[in-house]
Amino acid sequence: MRPVGRLVLAVVAATVLALTGSLVGLVTSPATAAYNTVPGRSWVPNGVVYDVARGDDVIYIAGDFTSLQDPATGTTATRQRVAALDAATGELLPWNPGANDTVRAIDAAGGTVYFGGEFSQANGEPATRIAAVGADGSAVPGWSAQVNNTVVRIVATPTAVYIGGQFGAVNGVQRPRLARLEPGTGALVSTFNAQVSGGRVNAIALSPDGTRLYLGGTFSQLRGQSRVFQGAVDAETGAVSTSWAPPARCDICHIFDMVADGDRVFAAVGGGGGRVLAWNENGGVAWQRRGDGDVQAIDVDSGIVYAGGHFGPLFEGQTRHMLVALAVSNGAVQGYRLPFTGSDFPGIWAVLADSSGLHIGGSFRFSGGNPARRYARMSYIVEPPSAPQDVTATAVGREVRVSWGAPVSDGGGIDRYRVFVSPRGNFADDQVCQVTRRSCTVPIGPDGLVEGQTYTFTVRALNSAGVGPLSAASAPVVADGVGPRTTVKQPRWRTVTGTTGQLRWTATDPSGVSEYRVATRSGVARKKGYGAWTTTSTTATSTTLAFAPGRTVCVKVRAVDGLGNLGPWSAVACRSTPTDDRAFKAKGTVKRLSGASYFGGTASRITGPKSELRLGKVLAKNASLVAWSCSTCGKVRVYYGKKLVKTVNLKGAAKQRVVALPATGKAGRKPMKVTLRPANKKPVVVDGVALLPR
């Protein structure tokens, strides 16, 4: 079932009879469908599959299985009721959230997979009948939704998630049988309310323009208006459409599945023998075709309707078991059929037809010893694609990124691209990538391309019909996309008391270093941070910095190699000149000293525990004390605000000392005071405090 996001290929050549007279028994002679009739290799679920959906290159299946088996090796893997398969190869993928009870519906959009049913747990967490899981298997942050009864159908787009079923409430709010959820959170969209009554919603199909929802099921009313088994509502509000209101075909002709394509709506109908119905955009019946059992799933691709169910041996008088192909234009039965064997019941519950193949789910098996069971994938019948266009290769970091344009002809669908390199480098052969997208990355290093060597790249496209021709070669590219890493030789932060100082750095690269980019900025810790970075270019490996009292100068450096690759910035190195003691407010017994050996020519002797120097409005993340030791000096206490952060013993030989103080932490995020106070009656001599701005 695929109600939205159609991938339509060019319509295959088909000869269909004109719609005249009785519609019974129309059939075309040759098969007009574009799919193989032999299922491709795929893992086999051990229980019924109720729904199939596609997300990018992945097929998601949901049902009542608990494991899948590789028919080629016999390997079994646990998958609790949901699983992901490679759309092109049928290989089982690691995606494995699991659910603790039956999953009836699944769909994918915007990198998220949504599934619903009868479970109470999914992905190892509580989940009441609806769950959302990332396409990478991760939980969806913030998602929370609960439904009070079975979810039967999900239609997901990047902007909306519609759910239908037997429920009466969603997230504790009354929403009978149909609701719209926010994709990222699972929150109920309060402005959407179709008020379905009389039975459940089995089918939801979004119109091609995204404005209307076509609904099918066993219900009888929408917003109090009679709509027996089918109807349409506004996709934003749930308001009932008055322009599309076809009557039921019979009293028991309830709908299992629907799909909208172009200007028509198609339905899989059960009851009364089962049938396929096609309506025009105004709700008038375009055609209907009957089988001898329920039709339970439907999809459209390339001008052909594919309908599955538990009918058989006949559909419109033709021998068809469980699957029939009909012309979109007039419902003519096509020659396409699949070689099923065994019972037709319960048959097919899900049909997905697009460029990745014809995918069916249910409970069935094939003749001829084909191992496909309960899920099968029939690939397109195609011709090999032409050569990819405009191959480009760019060295970025430790890899070369190769990209290309689509072939002029895809032959009906492309399964893979193969990327080749010349010369081979360190690879075992010249094929370096096999991908489904139109790009790949090739590593540089011991297990990949030789650094500094020149390469060209070519690409082939392939599909089930064969391998296409080789593309033209890319322009030559040198396997060096990494700029040099620069190391600043000095510490990241240092207190300096001079007026100038040098900062040195170094960098190396196989292609050499052509220049350095040196960025500088300065700031003070008594204002809000730094000024803007100023960048200059140089070939030198050092610079001379000018210092001023109370200011901090910071430098970072990056290098450019001989190929023009710009390296990362080095760590930032900062040099802080102390705020001089004269900038501090003095209290108590403070004597200002002078002398050439002091920073700035002055220092302050503080005597007594009630005396202090205080500096206000400080915004800093680090600090250091510049003071003098002496034989008669005592200890100085340093406060950030009212908090004592360090006590420094200044007794010793006479000399200038720079003492690192604790980081300011939270205190330094707001303007604070830095206070210096003797611990006892012994004096201390303070020259200043260096501050690293935030």
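Asker: When you look at the nonpolar core in this model, what are you seeing that I'm missing?
Answerer: Considering soluble globular proteins, one finds that nonpolar side chains tend to be buried as a cluster. Core analysis: the biggest nonpolar cluster contains 25 residues, and Leu625, Leu676 and Leu691 have the highest contact counts within it. Where this core is concerned, the elements lending two or more residues are β54 (602-618), β55 (620-629), β56 (635-640), β59 (672-678) and β60 (684-693). Not counting chain neighbours up to four residues away, the residues in contact with Leu676 comprise Phe584, Ile606, Ser611, Glu612, Leu613, Leu625, Val636, Arg637, Val638, Val686 and Val689. In terms of nonpolar packing, the next biggest core, distinct from the first, is built from 23 residues, Val391, Ala395, Cys433 and Val477 among them.

Asker: Whenever I open this one, the sheet that holds strand β27 (residues 295-301) confuses me. Can you help?
Answerer: Pairing between the strands of a sheet comes from backbone hydrogen bonds, and it takes one of two forms, parallel or antiparallel. Within the open sheet, the 3 strands sit side by side as β27-β28-β31. Their pairing is antiparallel. Single-partner strands in this sheet number two, and they are β27 and β31 (323-327). Across the sheet, the mean angle from the axis of one strand to that of its neighbour is 20 degrees, orientation sign disregarded.

Asker: Where do I start with the pairing of strand β28 (residues 304-309) in this structure?
Answerer: Look at any regular strand and the pattern is simple: side chains alternate between the two faces of the sheet. Most of β28 sits inside the fold, with 6 of its 6 residues counted as buried. By the alternation rule, side chains of β28 split into Ile304, Tyr306 and Gly308 and Val305, Ala307 and Gly309, which are all buried. Across 6 bridges, β27 lies against β28 in antiparallel orientation. Bridge pairing in β28 links Asp299 to Tyr306. Hairpin geometry of β27 and β28 is characterised by an intervening segment of 2 residues between the two adjacent antiparallel strands and by a positive phi of about 55 degrees at Ser302.

Asker: Just to check I follow, could you spell out the state of the cysteines for this structure?
Answerer: Here, disulfide denotes a covalent bond that connects the sulfur atoms of two cysteines. Tallied over the full model, the rule gives 4 disulfides. The disulfide partner of Cys433 is Cys440, and the S-S distance across this bridge is 2.4 Å. Where Cys433 bonds to Cys440 through sulfur, the torsion about that S-S bond is close to 85 degrees, and the disulfide is right-handed. For Cys433, a relative accessible area of 9% corresponds to the buried category. Exposure remark for Cys440: the relative accessible area of 3% places this residue in the buried category. The disulfide that involves Cys554 links it to Cys574, with 2.1 Å between the sulfurs. Here the disulfide of Cys554 and Cys574 is right-handed, its torsion about the S-S bond being about 110 degrees. Taken together, the residues Cys554 in strand β50 (residues 551-561) and Cys574 in strand β51 (residues 573-576) connect sequence positions 20 residues apart. On the accessibility criterion, Cys574 (8% relative accessible area) is buried. When the cysteines engaged in disulfides are numbered in sequence order, the chain pairs them as 1-2, 3-4, 5-6, 7-8.

Asker: For this particular structure, what's the right way to read a positive patch on the surface?
Answerer: A contiguous patch of positive charge, built from Lys585, Lys587, Lys642 and Lys673, is present on the exposed surface. Residue placement: Lys587 occurs in strand β53 (residues 585-594).

Asker: So what exactly am I meant to see when it comes to the side chain of Arg175 here?
Answerer: Its location among the elements puts Arg175 in the loop between β15 (173-174) and β16 (178-181). Of the side chains with opposite charge, Glu182 comes closest to the buried, unpaired Arg175, at an N-O distance of 11 Å. Within the structure, Arg175 has its side chain in polar contact with the backbone oxygen of Phe192 (distance 3.1 Å). When sequence neighbours within four positions are dropped, the list of residues in contact with Arg175 reads Phe167, Gly168, Ala169, Val170, Leu188, Val189, Ser190, Phe192 and Asn193.

Asker: Explain unusual backbone geometry to me, please; I cannot follow it from the model alone.
Answerer: Note on backbone geometry: most residues besides glycine have negative phi, and most peptide bonds are trans. Note that the residue after Phe345, namely Pro346, is joined by a cis bond; omega there is 5 degrees. Position of Pro346 among the secondary structure elements: in the loop between β32 (340-341) and β33 (347-354). Here Ser422 and Pro423 are connected by a cis peptide whose omega angle stands at -5 degrees. One non-glycine residue, Asp56, lies in the positive phi region at around 55 degrees.

Asker: For this particular structure, what's the right way to read the environment of Arg521?
Answerer: Inspection of the secondary structure assignment puts Arg521 in strand β47 (residues 513-524). Look at Arg521 and you get partly exposed, because its relative accessible area is 24%. Along the sequence, Arg521 and Val638 sit 117 residues apart, while their C-alpha atoms lie 29 Å from each other. Non-local contacts of Arg521, meaning those with residues more than four positions away in its chain, are made with Tyr530, Gly531, Ala532, Trp533, Thr552, Val553 and Cys554.

Asker: Even after reading the chapter, I still don't get the sheet that holds β47, so can you show me in this structure?
Answerer: Taking strand neighbours across the sheet as the criterion, the 5 strands line up as β45-β51-β50-β47-β48 in an open arrangement whose pairing is mixed. Looking at which strands have only one partner, the edges of the open sheet turn out to be β45 (493-495) and β48 (534-538). Along the sheet, successive strands turn relative to each other by an average axial angle of 20 degrees, direction set aside. Bridging between β47 and β50 involves 11 bridges; their strand directions are antiparallel. Counterpart to Gly523 in the pairing with β50 is Thr552.

Basis of the calculations
- Residues numbered from 1 in each chain as written.
- Predicted model: local features only at pLDDT ≥ 70, side-chain atom pairs only at ≥ 80, totals over all residues.
- Heavy atoms only, no water.
- Core = buried A, V, L, I, M, F, W, Y, C linked by side-chain atoms within 4.5 Å.
- Buried < 20%, exposed > 50% of the residue type's maximum accessible area, 1.4 Å probe, protein only.
- Helix = DSSP H or I, 4+ residues; strand = E, 2+ residues; numbered from the N terminus.
- Contact = heavy atoms within 4.5 Å.
- Pairing = 2+ DSSP bridges.
- Axes fitted to C-alpha atoms, helices over the stretch in contact; angles between N-to-C directions.
- Disulfide = S-S within 2.5 Å.
- Patch = residues over 30% accessible without salt bridge, like charges linked within 9 Å, V, L, I, M, F, W, Y side chains within 5 Å.
- Areas by Shrake-Rupley, 256 points an atom, 1.4 Å probe, with all protein chains shown as cover.
- Salt bridge = Lys/Arg side-chain N within 4 Å of Asp/Glu carboxyl O.
- Lys, Arg positive; Asp, Glu negative; His and termini not counted.
- Charge placed at Lys NZ, Arg CZ, Asp CG, Glu CD.
- Polar contact = N/O pair within 3.5 Å; in protein donor to acceptor, adjacent residues only side chain to side chain.

Interpretation in functional terms is not warranted from these geometric data alone.
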